[in-house]
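Now for the letters of each chain:
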Amino acid sequence: MTSVGAASEVLSASDRRAGTSTRPSAPWRRRDRWIGLAAVAPAFVIVVGFMIYPVLYALFISFNKTDGVDFDWVGLKNYGNILTDPLVHQVFLNNIKFLVSVPLVIFFSIIVSVLLFEKIRGWKTFRIIFFLPNVLSIVVIGVMFKSIFGYYGAVNGIIAALGGTRVSFFTDGSLAIWVIVIALVWSGFGYQALLIMSGLSAIDTTVFEAAALDGAGWWRRLRWITLPNIRRELGFVFIINVLYTFTSLFGFIFVMTAGGPGYATTTVDYLVYLKAFGSENLGPGAALAVLLFIFIGLLTLLQNRVFRIQDND
Amino acid sequence: MTLHTSMARLRMAVAVVVLAALAVGLSGCSSSGAKGVSANEPQTLLIWDTGLLAKTNDNGTAKSDSFLHQAAKNFEVTHKNITVKIVEQGGDISANAAQFKAASIAGNGPDMRIQYTGGPTLSFSKYFVDLNDVLGKDTLSQFNGLNTVRKDYDPNGSLLALPYGSGTYFTLWYNKRLLKQAGLDPNYRPSSWQDLISEGKKYHDATGKPAFYVADLEGYVGAWVVAALAAGDLGAPAYTDMYAGKTKIDGPAMLKAYTTWSELFGTGLTNKDAGEVSNGDADQGFIQGKAPIYFSGTWADVGMYQKFKNTIGWSFIPMEEGAKYSDVAAGGPQVAISITRYSKHQAAAAEFLKYLARPKTQDLYVKLTQTEGSSNKQGDTSVIKNPLLKEQAEALKSTSTIVYPFDNVMPQSVIDLFYRMNAATFLGKTTPKSAVQQLQSALDAEQG
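Residues numbered from 1 in each chain as written. Chains lettered and ligands numbered in written order. Predicted model: local features only at pLDDT ≥ 70, side-chain atom pairs only at ≥ 80, totals over all residues. Heavy atoms only, no water.

1. Looking at the overall build of chain B
Here is step 1 of the chain: Along chain B, the regular secondary structure elements total 18 helices and twelve strands.
Here is step 2 of the chain: Based on the C-alpha atoms only, the size of chain B along its principal axes is roughly 100 × 50 × 45 Å.
Here is step 3 of the chain: Taking the intrachain contacts of chain B between residues at least 6 apart in sequence as the baseline, contacts between residues at least 24 apart amount to 76%.
Here is step 4 of the chain: Averaging the coordinates of the 42 positive side-chain charges in chain B and doing the same for the 41 negative ones gives two points 5 Å apart. (Helix = DSSP H or I, 4+ residues; strand = E, 2+ residues; numbered from the N terminus. Contact = heavy atoms within 4.5 Å. Lys, Arg positive; Asp, Glu negative; His and termini not counted. Charge placed at Lys NZ, Arg CZ, Asp CG, Glu CD.)

Rendered as structure tokens:
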């Protein structure tokens, strides 16, 4: 099917070839072009000023020893130091541990979205409740979970009431990671469920009806109809959650553990902050940020290929 | 007028509006680059305080005994064109330093900043005005502690801040009433670190409760104890020598101090949540009677005396048995007031600083806080009313070794790591050996 825009392009091209024109004369085209440029200028300035310039500047900083005022070119030294730093390796492994949150978020999102899609009793209320964590700031969620899992918090209160020994969740790195993962899943699954629901609503309902008539139960319909039809949404949710795990845990970590004890809960994005602002040299922090940027880019391309998000069914 | 013409004019108008908006936006984004505002013009002076001179309630209003707010109010009476705005940065030293650094690189930080003396001031030397010229020789000759805020600790270096207060020291508080209830001597004073642990064990055995109330989430308690203990082997120049490279952080003294510190939590004599309690909640836990012994980084005399009267005891943190220097007080001037180089209100900031430097203004500070004396030689000692502060001032006179602590001397990045290592070694998550090695590497990296 040829779109209207494409048809008009073909038309104007043929007009140009024929030396005739149905478009305004040359001065008008120039004026239109200026108006067009003026219209996109604010967006252009914002993209260049707030995205491209900072990225290029960070790249420049990564090749320097600098406190932000004086610059001393050191070439690839910062990159070499970062790649051989055992702390970076340890922190990267911490990030890998946080990836456990991805299947958990997707699992809960699918269950919730399917139940909401099937309009279970009270689905409108549940829809609001499940989305509520998304309107809370990360700081609020962090403080809330820190309080709930604190030594004298609600969880330990229950453990003590049941005769158990209180657990110090935040002084043990492994336990602290699990608490942060729970906070992540709790805060994220409502929004992800909405994304999946958008995919569910695009499925032809007659397919479900036919399958039901053929005797397919809830589980078989989910396995053979629902999941294959929301493959692209699932892929998208998977990708953004993996991205989130590497780039957006800062708030949770900052509020809940400050990366401790030691560096047991420090993530790469938090380490970028520590290296950049906890030192008199911004270079290593910038180099780590650039490496993280490249890693995330490659990881996203790989996931895109695996999930074949752009492919037609 | 045709529709075509109207549309064209409309487009032109839109384009003009967009371009105008763009120009206005860009001019707003750019640095004004304006020269400093004269002290006589109406202006607002922005001060960032890291919880040292100002005290605020939870809703942000000033507490009645907030020195900085009172000083600002008095200053505004005689300088009607200047409004002093005070922003409290909160209690996390590392986060505060990061915020200030980010704001300073961007050139939009405060006009004045109040931070700790030593490393936390020297680390930002590029952003602070040299106060030698601002305050003048006559004023500065009246002040003690200037060496703690000079660039590179050089006696002739630029003066990066005004040291405020004569100093406060790491302290061990004990609740005499709780000790007495446990059948122990309420007037006990530890002769050594081992003696202190032994006394704690007696209390724990008698009551089954923790003997030490520790709030080491940020690693500050470790900073006080480790700094004091290592000074027992290294003496007064312990940390200035490390900074200068004459001794090593990963030498035996720091390793021993860290080892002693790392063993405390394992004794079971502390509160179980010691690794989770923030320093901001520490006083409260001790005052609530959760344990009889408590480490503090400052002379929190007002709160202690108000709550306990004569049932509170104190001593400096005791040294280990066999320490080369057995009589050590770790601490010194803590508060430093600086003016930023990028401030557009430097003249007004200088006026306010001169006002703060007056002997009578600092007397007001001593009168309100009662945690330290005046750093001004003309300070009025009669304003010291708190009996604890009087005792401490006397005790300090007879103390043979006074050490300026690690987390004052070192660069900010090493201090941040120090706190992190203190918390980690306390909980057994990092070994003392690894901690001192990491600290030495950090100092080496920082000093190039």
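Now, onward.
2. Here we look at the pattern of salt bridges
Here is step 1 of the chain: Taken as a whole and assessed by the stated rule, the structure comprises eight salt bridges over all chains.
Here is step 2 of the chain: Between K126 of chain B and D67 of chain A there is a salt bridge whose closest N-O contact spans 2.4 Å. Remark: D67 of chain A occurs in the loop between β1 (64-66) and β2 (71-73) and K126 of chain B occurs in the loop between α4 (119-122) and α5 (131-140); the pair is interchain, linking two chains.
Here is step 3 of the chain: By relative accessible area, which is 32% here, K126 of chain B ends up partly exposed.
Here is step 4 of the chain: For D67 of chain A, a relative accessible area of 15% puts it in the buried group.
Here is step 5 of the chain: The shortest N-O distance in the salt bridge between K397 of chain B and E394 of chain B comes to 3.1 Å. (Salt bridge = Lys/Arg side-chain N within 4 Å of Asp/Glu carboxyl O. Buried < 20%, exposed > 50% of the residue type's maximum accessible area, 1.4 Å probe, protein only.)

3. A short note on the confidence of the model for chain A
Here is step 1 of the chain: When pLDDT is averaged along chain A, the result is 86; 90% of the residues meet or exceed 70.
Here is step 2 of the chain: By mean pLDDT, helix α1 (residues 4-18) of chain A is the weakest element of chain A at 46, and helix α8 (residues 154-161) of chain A is the strongest at 95. (pLDDT = per-residue confidence, 0-100.)

4. A closer look at unusual backbone geometry
Here is step 1 of the chain: Of note, the bond from G260 of chain A into P261 of chain A is cis; its omega dihedral lies within 30 degrees of zero at 0°.
Here is step 2 of the chain: Relative to the elements of secondary structure, P261 of chain A occurs in the loop between α13 (250-256) and α14 (268-277).
Here is step 3 of the chain: At A258 of chain A, a position not held by glycine, the phi torsion is positive, near 55°.
Here is step 4 of the chain: When you line up the elements, A258 of chain A lands in the loop between α13 and α14.
Here is step 5 of the chain: Classification of A258 of chain A by relative accessible area gives partly exposed; the value is 31%.
Here is step 6 of the chain: For K309 of chain B, which is not glycine, the phi torsion reads 50° and is therefore positive.
Here is step 7 of the chain: Structurally, K309 of chain B can be placed in the loop between α12 (301-308) and β9 (312-316).
Here is step 8 of the chain: On the basis of relative accessible area, K309 of chain B is assigned to the partly exposed category, the value being 42%.

5. Observations regarding the packing of aromatic side chains
Here is step 1 of the chain: Under the definition given, this model contains 51 aromatic pairs over all chains.
Here is step 2 of the chain: With 6.5 Å between their ring centres and 65° between their planes, Y57 of chain A and F71 of chain A make a pair best called edge-to-face. Within this pair, whereas Y57 of chain A is found in helix α2 (residues 26-62), its partner F71 of chain A is found in strand β2, the two being separated by 14 residues in sequence.
Here is step 3 of the chain: In this structure F71 of chain A comes out as partly exposed when scored by relative accessible area, which is 33%.
Here is step 4 of the chain: An aromatic cluster is built from Y220, Y239, Y258, F406, F418 and Y419 of chain B, whose rings are joined through pairwise contacts.
Here is step 5 of the chain: Geometry around W224 of chain A places R223 of chain A over its ring, the cationic atom sitting 4.2 Å from the centre.
Here is step 6 of the chain: Looking at R113 of chain B, its charged tip hangs above the ring of F100 of chain B, at a distance of 4.5 Å from the centre. (Phe/Tyr/Trp six-rings, centres within 6.5 Å; stacked < 30°, edge-to-face > 60°. Lys NZ or Arg CZ within 6 Å of the ring centre and 35° of its normal.)

6. Things to note about α12 of chain B
All names here are of chain B.
Here is step 1 of the chain: Regarding α12, the residues found buried are D301, V302, M304 and F308.
Here is step 2 of the chain: Taken together, the buried residues of α12 touch β6 (171-175), α11 (282-287), β8 (293-296), β9, α14 (359-369) and α15 (387-397).
Here is step 3 of the chain: At the C-terminal side of α12, K309 shows a positive phi close to 50°.

7. Re the sheet that holds strand β2 (residues 82-88) of chain B
Residues and elements named next belong to chain B.
Here is step 1 of the chain: Across the sheet, five strands lie side by side as β2-β1-β3-β11-β4; this open sheet has mixed pairing. Every interior strand has two partners, whereas the edge strands, β2 and β4 (162-164), have only one. Each strand axis lies, on average, 25° off the axis of its neighbour in the sheet, ignoring direction.
Here is step 2 of the chain: Across three bridges, β4 lies against strand β11 (residues 335-339) in antiparallel orientation. Note that in β11 the partner of Y164 across the bridge is V335. (Pairing = 2+ DSSP bridges. Axes fitted to C-alpha atoms, helices over the stretch in contact; angles between N-to-C directions.)

8. Quick word on the interface of chain A and chain B
Here is step 1 of the chain: Contacts between the two partners involve 40 residues from chain A and, on the opposite side, 34 residues from chain B.
Here is step 2 of the chain: When chain A packs against chain B, close to 2,900 Å² is buried across both sides, 62% of that on carbon and sulfur atoms.
Here is step 3 of the chain: Counting across the interface, chain A meets chain B through two salt bridges.
Here is step 4 of the chain: Elements with a contribution of two residues or more to the side of chain A that touches chain B: α2 and α14 of chain A.
Here is step 5 of the chain: The element that contributes the greatest number of residues to the side of chain A that touches chain B is α2 of chain A, accounting for eight residues.
Here is step 6 of the chain: Taken together, the residues of the side of chain A that touches chain B sort by class into 21 nonpolar, eleven polar and eight charged. (Buried area = accessible area lost by both parts, 1.4 Å probe. Nonpolar A, V, L, I, M, F, W, Y, C, P; charged D, E, K, R; others polar.)

9. Let's talk about the pairing of strand β1 (residues 43-49) of chain B
Residues and elements named next belong to chain B.
Here is step 1 of the chain: The buried fraction of β1 is high, at five of seven residues.
Here is step 2 of the chain: The sheet contact formed by β1 and β2 spans seven bridges and is parallel. By the bridge assignment for β2, I47 is matched with I86.
Here is step 3 of the chain: Note that the unit made of β1, helix α2 (residues 67-78) and β2 has a crossover that is right-handed.
Here is step 4 of the chain: Pairing analysis gives three bridges linking β1 to strand β3 (residues 112-116), with the strands arranged parallel. Its bridge partner being in β3, W48 is matched across the sheet by R113. (Right-handed = clockwise from strand over helix to strand, strands pointing away.)

10. Some thoughts on the side chain of T121 of chain B
All names here are of chain B.
Here is step 1 of the chain: For T121, the position within the fold is in helix α4.
Here is step 2 of the chain: Residue classification places T121 among the buried positions, given a relative accessible area of 0%.
Here is step 3 of the chain: At 3.0 Å, the side chain of T121 and the side chain of Q115 are in polar contact.
Here is step 4 of the chain: A polar contact is formed between the side chain of T121 and the backbone oxygen of Y116, at a distance of 2.6 Å.
Here is step 5 of the chain: Sequence-distant contacts of T121, defined by excluding residues within four places in its chain, comprise Q115, Y116, F128, V149, L160, A161, A336 and S338. (Polar contact = N/O pair within 3.5 Å; in protein donor to acceptor, adjacent residues only side chain to side chain.)

11. Concerning the nonpolar core
Residue and element names in this part refer to chain B.
Here is step 1 of the chain: Counting 112 residues, the largest nonpolar core has F212, Y239, M254, Y258, F295 and F406 as its most contacted members.
Here is step 2 of the chain: In terms of residues, this core owes the most to one element, helix α8 (residues 220-234), which gives eleven residues.
Here is step 3 of the chain: Listed in part, the 63 residues of the second largest apolar core include F143, A336, Y355 and L396. (Core = buried A, V, L, I, M, F, W, Y, C linked by side-chain atoms within 4.5 Å.)

12. A word on α15 of chain B
Residues and elements named next belong to chain B.
Here is step 1 of the chain: For α15, the full list of buried residues reads L388, L389, Q392 and L396. Down the axis, α15 shows its buried residues gathered within 95° of arc, on one side only.
Here is step 2 of the chain: Residue N386 occupies the N-cap position of α15, its side-chain oxygen lying 2.8 Å from the main-chain nitrogen of L388. (Arc of directions from axis to C-beta.)

13. Thoughts on the sheet that holds strand β10 (residues 328-332) of chain B
Within a sheet, neighbouring strands are paired by backbone hydrogen bonds and run either parallel or antiparallel to one another.
Residues and elements named next belong to chain B.
Here is step 1 of the chain: The mixed open sheet is built from three strands, whose spatial order is β5-β10-β12. Strands at the two margins of the open sheet, each flanked by one partner only, are β5 (168-169) and β12 (401-403).
Here is step 2 of the chain: Bridge count for β10 against β12 is three bridges, and the pairing is parallel. Each residue of the ladder has a partner; that of A329, found in β12, is I402.

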